[in-house]
Amino acid sequence: MSKVQTAEQKAKMKPAEYIALEEQYNAKNYKPLDVVLERGEGVWVWDVEGNKYMDFLAAYSALNQGHCHPRLVRALTEQASKLALTSRAFRNDQLPLFAKELCELLGYEMMLPMNTGAEAVETAVKAARKWGYTVKGVPDDQAEIITCEGNFHGRTTTIVSFSSDEQYKDGFGPLTPGFVIIPYGDADALEAAITPNTVAFLVEPVQGEAGVVVPPDGYLARVRELCGEHNVLFIADEIQSGLGRTGYMLAAEHDGVRADVVTLGKALAGGMYPVSAVVSSREVLGVFDPGDHGSTFGGNPLACAVAREALKVIVDEKLCERTAELGTRTMERLQTIDSPYVDFVRGRGLWFGIVLKDDAGGARSFCEKLMAEGVLAKETHENVIRLAPPLVITEDELGWALDKVEGVLTR
Ligand SMILES: *Cc1c(COP(=O)(O)O)cnc(C)c1O
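Below or above, wherever it landed, is the structure these notes cover. (Residues numbered from 1 in each chain as written. Predicted model: local features only at pLDDT ≥ 70, side-chain atom pairs only at ≥ 80, totals over all residues. Heavy atoms only, no water.)

For the ligand, the full set of nearby residues is Thr116, Gly117, Ala118, Phe152, His153, Gly154, Glu204, Asp237, Ile239, Gln240 and Lys266. Protein chains bury 81% of the 380 Å² of accessible surface belonging to the ligand in isolation. (Near = heavy atom within 4 Å. Areas by Shrake-Rupley, 256 points an atom, 1.4 Å probe, with all protein chains shown as cover.)

This is the structure we're talking about:
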């Protein structure tokens, strides 16, 4: 008989042993905090030694609905035991309903399902280019897409081609041409950059990876106007900012505007499964003919069933309204923290960047101190602590975590 390890025996592995295995066998394309998690529920996670932490990162907003939401676990397991994958060679009974529900919820005509956020952005780039050639009349291979400094849209070869972070590009050339980079939050720079060959402006309504950078009020409204005047598609990458994080279903609503094309991912399936999508008009997504684009797993019934439920959870649990309210109070509280290390705090909804002073010793050391106190957050760049708890967090839970944050910032 082969030797089968029981769950208990496996659990006897020490954190350091898991970490050593990962270091040996897994490429080092991340630098995680050294906490080895094995279980999650709502805002809480437990490591392999049974220590409990509050997740104050929420997988970069993929976990807006919290860890292992019971409704999502049920949707996943029920659908998994019925039908998981058909490929798009055949139809399934979940995709049409997911498409309808997503479009109706957000007020768009059509969607195209993919798996990861980067694939949704790639899809938007392809749609914008083909729209440029077939609808706008841009000469072949001349399409330009304008993007912003400090952007994060994913890690594919084309997407890193328009990153302004040298590390993302260094060693991965030759890069994809056809992108122009302008300063973020500067509508005049957009106006100056538009040419007759511009097909789209791709922008995050709030820049997440850049450190929760909030643009000036009215910026997106001006972007909306300029894109309309010049027949340029306004593409909002709402993969991190959308689905409740800022207190709105879509963060662009803060400026009262609708983008022409929206990319979604992360919380679209509540962290239970990788699901992404592009939503837009028939004019834009109608440019795709069979064979132009696709994905074996995109639109699979398991993904669609989970995503349908994940969207309903956001609505039923009023996550946008709760987030707007808790977010305002949290910002007030964070602003009152009198810390020698903090330069300033920015954010929207339940999404904050605590920007540290240059001599504060870096954000990572504060994240390590927070971890020791039972709060898991992650630095972004050198000097920003990002806070983004699951949106199902209660007021008491939030208060508990903010006490810890205040503690490490004032000690
Ligand atoms: C995370 C993120 C992506 C990429 O999503 P992946 O699922 O990691 O490919 C794209 N755009 C934004 C704004 C993101 O935050």
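In this structure, Leu102, Phe201, Ile354, Ile385 and Leu409 are the most contacted members of the largest nonpolar core, which totals 84 residues. Looking at which element gives the most residues to this core, the answer is helix H12 (residues 301-316), with seven residues. Non-local contacts of leucine 409, meaning those with residues more than four positions away in its chain, are made with Ile337, Ser339, Pro340, Tyr341, Val342, Ile354, Leu356, Phe366 and Ile385. In terms of nonpolar packing, the next biggest core, distinct from the first, is built from 28 residues, Ala118, Ala120, Ala124 and Ile235 among them. (Core = buried A, V, L, I, M, F, W, Y, C linked by side-chain atoms within 4.5 Å. Buried < 20%, exposed > 50% of the residue type's maximum accessible area, 1.4 Å probe, protein only. Helix = DSSP H or I, 4+ residues; strand = E, 2+ residues; numbered from the N terminus. Contact = heavy atoms within 4.5 Å.)

With that out of the way, let us pick up the pairing of strand E5 (residues 144-148). Of all the five residues making up E5, four are buried; the element is thus mostly covered by neighbouring parts of the structure. As paired strands, E5 and strand E7 (residues 198-203) are joined by three bridges and run parallel to one another. By the bridge assignment, isoleucine 145 is partnered in E7 with alanine 200. Across four bridges, the pairing between E5 and strand E6 (residues 179-182) is parallel. Within the sheet, the bridge partner assigned to cysteine 148 lies in E6 and is isoleucine 182. (Pairing = 2+ DSSP bridges.)

Let's shift gears to helix H14 (residues 363-372). For H14, the full list of buried residues reads Ala363, Arg364, Phe366, Cys367, Leu370 and Met371. Down the axis of H14, the buried side of the element spans an arc of 160°, and every buried residue falls inside it. The secondary structure elements touched by the buried residues of H14 are strand E3 (52-55), strand E12 (352-356), strand E13 (375-376), strand E14 (378-380), strand E15 (384-387) and helix H15 (395-410). Looking one or two residues past H14, glycine 374 carries a phi angle of roughly 95°, positive in sign. (Arc of directions from axis to C-beta.)

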